[in-house]
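# A structural walkthrough
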Amino acid sequence: MFATEVERVMHEMPYGLYIVGSLEPDGRVNGMMADWVMQVSFEPRLVAVAFEGTSHTLGNVRERSFFTVNLLAQDEASMELARKFAQPFSGAKVAGREGEAAATVHYKLDGVAHSPTANGAPVLDAAMGWFECVFREEHDIGDHVMVIGEVVDGGVLREAEPMTSSYTGWTYSG
């Protein structure tokens, strides 16, 4: 199953699972699943989010500056919601997809209850908590781009245990 012991131990490392909400250049909202998110500074309060370099959401963040990070809970309703975000924006991004499956574009917030922040970024109604960031800088890091965002707003919507890769059994490592 694992090519190396390093790959195996990286697979065991737990991650949080988050929905990053962004604004399209035309004002439409979209979201993606992320698990490489962490706070990197208290003052100012900064977070780092790792995006694939070809991520549609990364383009939105660069263009519109504001984005949200929505924390999901460890419960079945949040698992169902998370499954909706497991697809890439473009179906063509998945190796082996052809025809209609490859041409499909996934606006993952379609049909998902959410509200805009004052800056228009989406907050999921079902989230246990959220925070909004303004884009500050980015750094190419290996095969990903690390975006540093300054937290400008946020809140807890309900008490729950946060969703992690240990809970879901999903991994984004290796």
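In the block above lies the structure referred to throughout.
Attention here is on the structure that accompanies the text. Sequence positions are assigned chain by chain, starting from 1 and proceeding in written order. Restriction of local features to residues with pLDDT of at least 70 applies here, the model being predicted, together with a cutoff of 80 or more for giving and counting side-chain atom pairs; totals for whole chains, interfaces and linings are based on all residues. Neither water nor hydrogens contribute to the side-chain values; these are computed over all heavy atoms in the structure.

### Some remarks on the overall build of the chain
Helix and strand labels come from DSSP, where a helix needs a run of H or I of at least four residues and a strand needs a run of E of at least two; each type is numbered from the N terminus. A count of helices and strands for the chain gives 5 helices and 9 strands. Tracing the chain from N to C terminus, the helices and strands come up as α-β-β-β-β-α-β-α-α-β-β-β-β-α. Within the chain, buried positions represent 41% of all 174 residues. A total of about 9300 Å² of accessible surface is found on the chain, and carbon and sulfur atoms cover 54% of it. Only protein chains enter the area calculation, which uses a 1.4 Å probe; residues under 20% of their type maximum are buried, those over 50% are exposed, and those in between are partly exposed. All accessibility values rest on the Shrake-Rupley procedure with a 1.4 Å probe; residue burial counts only the protein chains present in the view.

### Description of the pairing of strand 5 (residues 66-71)
Strands were regarded as paired on the criterion that DSSP finds at least two bridges between them. Relative to strand 5, strand 1 (residues 18-23) runs antiparallel, the two being bridged by 5 bridges. For Ile19, the partnering residue across the bridge sits in strand 5 and is Asn70. Sheet topology places strand 5 next to strand 8 (residues 129-141); 6 bridges connect them, and they run antiparallel. Note on strand 8: the bridge partner recorded for Leu71 is Gly129.

### Examining the nonpolar core
By nonpolar core we mean a set of buried residues, namely Ala, Val, Leu, Ile, Met, Phe, Trp, Tyr and Cys, connected to one another through side-chain atoms within 4.5 Å. Core analysis: the largest hydrophobic core is formed by 17 residues, its most contacted members being Val20, Val37, Val49, Phe51, Phe67, Val69 and Val147. Of all the secondary structure elements, the ones that give two or more residues to this core are strand 1, strand 2 (29-34), strand 4 (46-52), helix 2 (56-64), strand 5, strand 8 and strand 9 (144-156). When residues no more than four places from it in sequence are discounted, the contact partners of Val20 are Asn30, Gly31, Met32, Ala34, Val49, Phe51, Thr57, Phe67, Thr68 and Val69. With 14 residues, the next largest nonpolar core counts Met79, Leu81, Phe85 and Met163 among its residues. Should any heavy atoms of two residues lie within 4.5 Å, those residues are considered in contact.

### A short note on a nonpolar patch on the surface
Within this analysis, patches are made of residues with over 30% relative accessible area and no salt bridge. Like charges are joined at 9 Å or less; nonpolar side chains (Val, Leu, Ile, Met, Phe, Trp, Tyr) at 5 Å or less. Here a salt bridge means any side-chain nitrogen of Lys or Arg lying within 4 Å of a carboxyl oxygen belonging to Asp or Glu. A cluster of nonpolar side chains, Val6, Val9, Met10 and Met13, forms an exposed patch at the surface whose accessible area comes to about 360 Å². Locating Met13 in the fold gives a position in the loop between helix 1 (5-12) and strand 1. Met13 sits in the partly exposed class, given a relative accessible area of 41%.

### Section: the pattern of salt bridges
This structure, assessed with the given rule, holds 7 salt bridges. A salt bridge links Asp75 to Arg158; the shortest N-O distance between them is 3.1 Å. Highlighted residues: Asp75 in the loop between strand 5 and helix 3 (76-84) and Arg158 in the loop between strand 9 and helix 5 (165-168), separated in sequence by 83 residues. For Asp75, a relative accessible area of 21% translates into the label partly exposed.

### A look at the sheet that holds strand 8
The strand order 2-1-5-8-9-4-3 describes an open sheet built from 7 strands, whose pairing is antiparallel. Where the open sheet ends on each side, the last strands, each with one partner, are strand 2 and strand 3 (37-41). Geometrically, the sheet is characterised by an average inter-axis angle of 35° between neighbouring strands, direction not taken into account. With axes taken as lines fitted to C-alpha atoms, and helix axes fitted only over the stretch in contact, angles between N-to-C directions fall between 0 and 180 degrees. Seen against the sheet, helix 2 touches strand 1, strand 2, strand 4, strand 5, strand 8 and strand 9 and runs at an angle of roughly 50° to strand 1.

Treat this as a map of the structure, not an account of what it does.
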